[in-house]
Amino acid sequence: MNPDSFLPTRPDPLALLDGLLDPFFAVDGQWRLTYLNRHAAASVGMTPEELLGREFWSCFPEALETALNTEYRFVMEARQGRQFDLFSPSLGVWVEVRAFPHEDGIAVHFRDITERRHTEDCREALLAVTRALVSASSTETAIRTALALGREALGAAGGALWRLSRDQTRLDLWQRVGTGTGPETSLPVEGPSPVTAALHQPDGVFVGARGGHTSSGVLAACRLGDSGVLALHFGRERRLSESERDFVRSLAAQLRQTLERLQAAEVHEQALAALHQERTRLAAILDQLPAAVWIAEMPGGRITAGNRAIERILRHPYRPSADIGQYSEYVGFHPDGRRYQGHEWPLARTVLTGERVENEEIEMERGDGSRGFVQYSSALIQEGLNPAGPGLAVVTGVDVSELRELSATLEQRVETRTHELRRRNEELAAETAALQTFARFTELVSRETDLNVLTQAAAGVLHRALGEGSTGYYERHGDLWKQGPWDGDMDPGTLTAAQAGFPADLPLFAGPATSREPLFVDEWRASDHLLAPHTPEYGAIAVYPVTVQGRTAGLLAAGLREKTGWNERDRAVFRAVGRALSLAAERADLTRALSVQKEELAARNRALETFAELGRDPGLCADPLELVRRALALLLTQLPAGYALYGEPEDGLWRCKAQAGVLPSAESQAAMDAGLPFEATPLLFLPWQTRQPLYPEGPDSGVPEGPLTPGTRAATLPVLVGGTPCGVLVVALPEPGGEQRAWTGTERVILETAVQQLGLALERWRGEQALAAKQRQLEQANHDLEAFASSVSHDLRAPVRHLGSFAGLLRRAVPDNPRALKYLDVIEQSAARMNALIDGLLTFARLGSGEVRKSDVALGELMDAVRAELAPQVGERQIDWRVGELPVVRGDVTLLRQVIQNLLGNAVKYTGTRDRAVIEIWAETAGHEQVIHVRDNGVGFDPAYRDRLFEVFKRLHSAQEFEGEGVGLASVERIVTRHGGRVRAEGQVEGGATFTFTLPVQG
């Protein structure tokens, strides 16, 4: 370039710096401000003119307490540039500070890196979420973890997860944490809520962030695939940056993948993102060191300004250029030795195409003939709101000759970091493979219960996951572990030996089977295991115990041919399949048990239905053996063809009392008819003695066959009545071919149910016979009682009438003798009381006999009628009647009226000493009973004597205190008892009394 060929127009560099969007200032050696742009001055609320010439530390005193003090002074003294990150309280942002020597002072450039820091923070938070979600063991844990970490990372007030309903018409609240999420638990999909709007927005819904607020503050909501919506709620003044929005979207994506068991793939992607971020950080470290600066006009590329660093770096003065063609006056070389042409320079490419060039190193020939490396970065500069587009382009150059060695060191560090990330990715890949394998096998486990199918599938899945070798499942057969289902590559000899079985005491099998812990053997060929010399094709072996109900049901084994050790991935895969197979075996065992229980329950129900008729009116049978014969006939309908006997001990022999079916031989029938020895017939004596069923199974059972059951499958069961054996039931089923089979659980249920029902029927028959006898005795007693009462009434009333009559005659004979008249009063009162007692005795006696004629009785109406009858007795007394709603009951209206009369009459009588009496009547339902209460506030009674209240002629108060004969409450108890109810009383002396009686509910 020829500087004399034209007269360039030099722009004002200070104006250019003032146009920068970042703060920039310069100070001299005395720390006086020599320049600062408007953004730097605005950080302290002043203009550049107000600050120029003032000491920097007095204008920015807060810098003394920060790293700025140390770094600025280092640059001032060492005359070396520095670059570092710092949070600026005055600006309220994170800044990247570049300080470099300038004249006798320093110049400082700030660049806002808050968004980058937010991005890094969000990235760290996402890594924390990833680690937490990978370790989550359940859906609930994953949701709680995501919501908690999301709140913590963004400072959210609360969060919620909404699940899409099956019919996809609403969002139901799945889980909620914190505050601000509102009270709703369900949201219609077509409703106005921003949460439901997120279902239709792939990028999420952010309400109130940079665009207004909702009534409850800022909301961030993102869709979780087809499963629901994740929502975070913030305060009213919260602003969400783009990186924070990306964080919310990533959080939702990770949670969705976790719920779909794909979290490992997401972790892998995040690891790649971390690697990319590390490379970006390296570029940032090398970016914008103190550099030479060229300014070019657009669109021609005329260089109009440059700084002094050009001469320091290139060792020749700044050279203006009229156009891009003159850029070739600068001498630079491509890596292959070619010289840079004018249009190839970074600044030229930016001017021509708008390309942003960063950190392009070019080998330069300096003005003194030496060579060095310069790092260039170029970009367009937008001048205000110029509609014509960028007006300037800028390129910076930094001498990096001395930094190349540092760059090589940094590249080595990046390589080391990359290696570490790859190692971490391998570990994550191991867990991913384990999870994917577990997921595939779990899908089969969820629908299959056949253990053979499950073990074959486990062997196949494990072999495919390991990628080589062979896998197999072993089951215990006596003292051998024999291989069943297998997959992979097994030598014929090894396969034959495995299927034939290995000794159970071999440590390779005995160890895992006993400890119930997996065994991994590395370097198998060199190990001391007994099978190692016989299976040299394997380099590593593993055995996993498959447990069911706490016992080892089988062993899952795997052998690796190419590898000699188990890495973390293969161990994780093997454990995952082993755990899944154990769970599947547990489920299959439970399914079989439930199937057997279901079959036995069905058999029991059928047996109960069949034998239910034994319990219907057993008293109609005059002979209990008729019940036994019916039971034997019914039992044989539930079993295969055979015969049944019922025997009882009699005179030291077992005698057959009932038989159904034909015995297999005339000899057997004759032996049974003649009687069998009581204790010498163990088939009958053992169940009689132990009161437990006996199911002899073959000659090893210790029970001889005997004459009753030759060549049959026999069972003997004691028939218990009231817990005591009364006989033994024998059932024998012929066995084709003479092979004895064991009694199945279903058959045992049928037999035991039949014997139980027979015992209950016999017990009920005995009970009904005893009840009939007692009924006859009771009827005779009632008849005798009525005769006695009539006789007593007749025999006692005559003397009493005589006493009354002669007392009246004497009264007329001695009308003027007061003392005699007093004696006559006592005689007449005693005679009257004697008559009342006789009447009460007759009434009470008649209550125990006679028919109870039941009908619907409205207790409320009956109560009102009795109260009306008591009105003369009440007179002018103050009685507060509190009557609740009373039910309609089934009973004899005449007898129930007597109950009400006695209870209400007593209440009125025993409250006579009260100025204001309170009598309460109410009812309630308790189970199958109506409970009626009558409570008063009268004199009450001593609860120690409550049992005497219902005894005839027993009174707790004297006749002088309260009149009465002591029959009323005894009558109440007898009437209520005949209605199937009960009576009780509660009270305290001077604390009132409550009488309660119950009646059965109608129907």
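Residues numbered from 1 in each chain as written. Predicted model: local features only at pLDDT ≥ 70, side-chain atom pairs only at ≥ 80, totals over all residues. Heavy atoms only, no water.

1. Quick word on the pairing of strand β24 (residues 643-650)
Our working definition: Should DSSP find at least two bridges between two strands, the strands are regarded as paired. Only runs of H or I of at least four residues qualify as helices and only runs of E of at least two qualify as strands under DSSP, and these elements are numbered from the N terminus.
Here β24 runs beside strand β28 (residues 724-734); their pairing, made up of 5 bridges, is antiparallel. Residue Y643 lies in a different strand from β28, and its bridge partner there is A732. With 7 bridges joining them, β24 and strand β25 (residues 653-660) adopt antiparallel strand pairing. Note on β25: the bridge partner recorded for E650 is L653. Where β24 folds back onto β25 in an antiparallel hairpin, the turn is made up of 2 residues, including D651, whose phi is positive at roughly 55°.

2. Brief notes about the packing of aromatic side chains
Two measures describe an aromatic ring pair: the distance that separates the ring centres and the angle between the ring planes. For clarity, the cut-off: Only rings of Phe, Tyr and Trp enter the pairing, Trp through its six-membered ring, and a pair is recorded when the two centres are within 6.5 Å. The plane angle decides the type: under 30 degrees is stacked, over 60 is edge-to-face, the rest tilted. For a ring to carry a charge above it, either NZ of a lysine or CZ of an arginine must fall within 6 Å of the ring centroid while also lying within 35 degrees of the normal to the ring plane.
All told, the structure shown has 27 aromatic pairs when counted by the stated rule. Between the aromatic rings of Y340 and W345, the centroid separation amounts to 5.0 Å while the plane-to-plane angle is 35°, which identifies the pairing as tilted. Arranged with centres 5.8 Å apart and planes meeting at 45°, the rings of W566 and F574 form a pair that is tilted. Taken together, the aromatic side chains of F25, W31, F56, W57, F60, Y72 and F110 make up a single cluster linked through ring pairs. Looking at R748, its charged tip hangs above the ring of Y695, at a distance of 4.2 Å from the centre.

3. Details of the packing of helix α23 (residues 859-869) against helix α25 (residues 893-910)
Relative orientation and spacing of two packed helices are given, respectively, by the angle between their axes and the distance between those axes. We count it as follows: Think of each axis as a best-fit line through the C-alpha atoms, taken over the contacting stretch in the case of a helix, with angles from 0 to 180 degrees between the N-to-C directions. Working rule for angles: under 35 degrees goes down as roughly parallel, over 145 as roughly antiparallel, 65 to 115 as roughly perpendicular, anything else as oblique. Crossing handedness is defined as follows: a turn of the near helix away from the far one that is anticlockwise and smaller than a right angle gives a left-handed crossing, while the clockwise case is right-handed. Contact criterion: two residues are considered in contact whenever any of their non-hydrogen atoms come within 4.5 Å of each other. Polar here means any residue other than Ala, Val, Leu, Ile, Met, Phe, Trp, Tyr, Cys and Pro, which are nonpolar, and Asp, Glu, Lys and Arg, which are charged; Gly is therefore polar.
Two elements in contact, α23 and α25, have axes whose closest approach is 10 Å; the angle formed by their N-to-C orientations is 55°. Here α23 is positioned oblique relative to α25, judged by the angle of their axes. Considering only the axes of α23 and α25, their crossing is right-handed. Contact residues: α23 offers L862, M863, A865, V866, R867 and E869, while α25 offers V893, L896, R897, I900, Q901 and L904. Of the residues in the contact of α23 with α25, the class split is 8 nonpolar, 1 polar and 3 charged.

4. Observations concerning the pairing of strand β23 (residues 551-560)
Short version of the rule: When accessible area is computed with a 1.4 Å probe and restricted to protein chains, residues below 20% of their type maximum are described as buried, those above 50% as exposed, and intermediate ones as partly exposed.
Most of β23 sits out of view: 8 of its 10 residues are buried. The sheet contact formed by strand β18 (residues 470-477) and β23 spans 5 bridges and is antiparallel. By the bridge assignment for β23, Y473 is matched with L556. Bridge count between strand β22 (residues 540-548) and β23: 9 bridges; the pairing is antiparallel. Counted as the bridge partner of V546 is G554 from β23. Adjacent in sequence and paired antiparallel, β22 and β23 are bridged by 2 residues, among which Q549 carries a positive phi angle near 55°.

5. A closer look at the environment of A585
Following the sequence through the fold, A585 ends up in helix α17 (residues 568-611). Of the residues examined, A585 reaches a relative accessible area of 3% and is grouped as buried. A sequence separation of 39 residues divides A585 from V546, and the C-alpha atoms of the two residues are 7.6 Å apart. When near neighbours in sequence (up to four residues on either side) are disregarded, A585 contacts L451, V546 and V548.

6. Focus: the UniProt feature "domain: PAS" (unreviewed entry) in the chain
Note the following rule: UniProt positions are given in the numbering used here, feature names are shortened, and annotations may be inferred rather than shown by experiment.
As annotated in UniProt, the feature "domain: PAS" (unreviewed entry) corresponds to residues 16-54 in the numbering used here. Across residues 16-54 one finds 31% helix and 21% strand; the C-alpha atoms that close the span lie 23 Å apart.

7. What to know about the nonpolar core
To keep things clear, this is the line we draw: As used in this record, nonpolar core signifies buried Ala, Val, Leu, Ile, Met, Phe, Trp, Tyr and Cys residues forming a set joined through side-chain atoms within 4.5 Å.
Ranked by size, the top nonpolar core spans 36 residues in total, and within it L903, L904, F995 and F997 carry the most contacts. Top element by residues in this core is α25. It accounts for 8 residues. Beyond its immediate chain neighbours, meaning those up to four positions away, L903 contacts V934, L969, V972, F995 and F997.

8. A closer look at the sheet that holds strand β3 (residues 82-88)
Strand order in the open sheet formed by 5 strands is β2-β1-β5-β4-β3, with antiparallel pairing between adjacent strands. Both edges of this open sheet fall to β2 (33-36) and β3, since each of them pairs with a single strand only. Strand after strand, the sheet turns through a mean of 20° between neighbouring axes, direction not considered. Of the pairings in the sheet, the one linking strand β4 (residues 93-102) to strand β5 (residues 105-112) comprises 8 bridges and is antiparallel in character.

9. Digging into the pattern of salt bridges
Cut-off, in case you're wondering: Basic side-chain nitrogens of Lys or Arg form a salt bridge, by our definition, when they fall within 4 Å of a carboxyl oxygen of Asp or Glu.
As enumerated under the stated definition, the model contains 34 salt bridges in all. In this structure, E344 and R338 form a salt bridge, with 4.0 Å as the shortest nitrogen-oxygen distance. Accessibility expressed as a relative area gives 18% for E344, which makes it buried. The partner of R571 in a salt bridge is D522, with the nearest N and O atoms 3.6 Å apart. Taken together, the positions of R571 in helix α17 and D522 in the loop between β21 (519-521) and β22 put the pair 49 residues apart, joining distant regions of the chain.

10. Observations regarding the side chain of E344
Rule in force here: Whenever a nitrogen or oxygen atom comes within 3.5 Å of another N or O atom, the pair is scored as a polar contact, on the condition that within protein one atom can donate a hydrogen and the other can accept it, and that pairs from neighbouring residues in sequence are kept only if both atoms are in side chains.
Positionally, E344 belongs in the loop between β14 (332-333) and α12 (346-353). A distance of 2.9 Å separates polar atoms of two side chains, one belonging to E344 and the other to H334. Excluding residues within four positions of it along the chain, E344 makes contact with H334, R338, R339 and R349.

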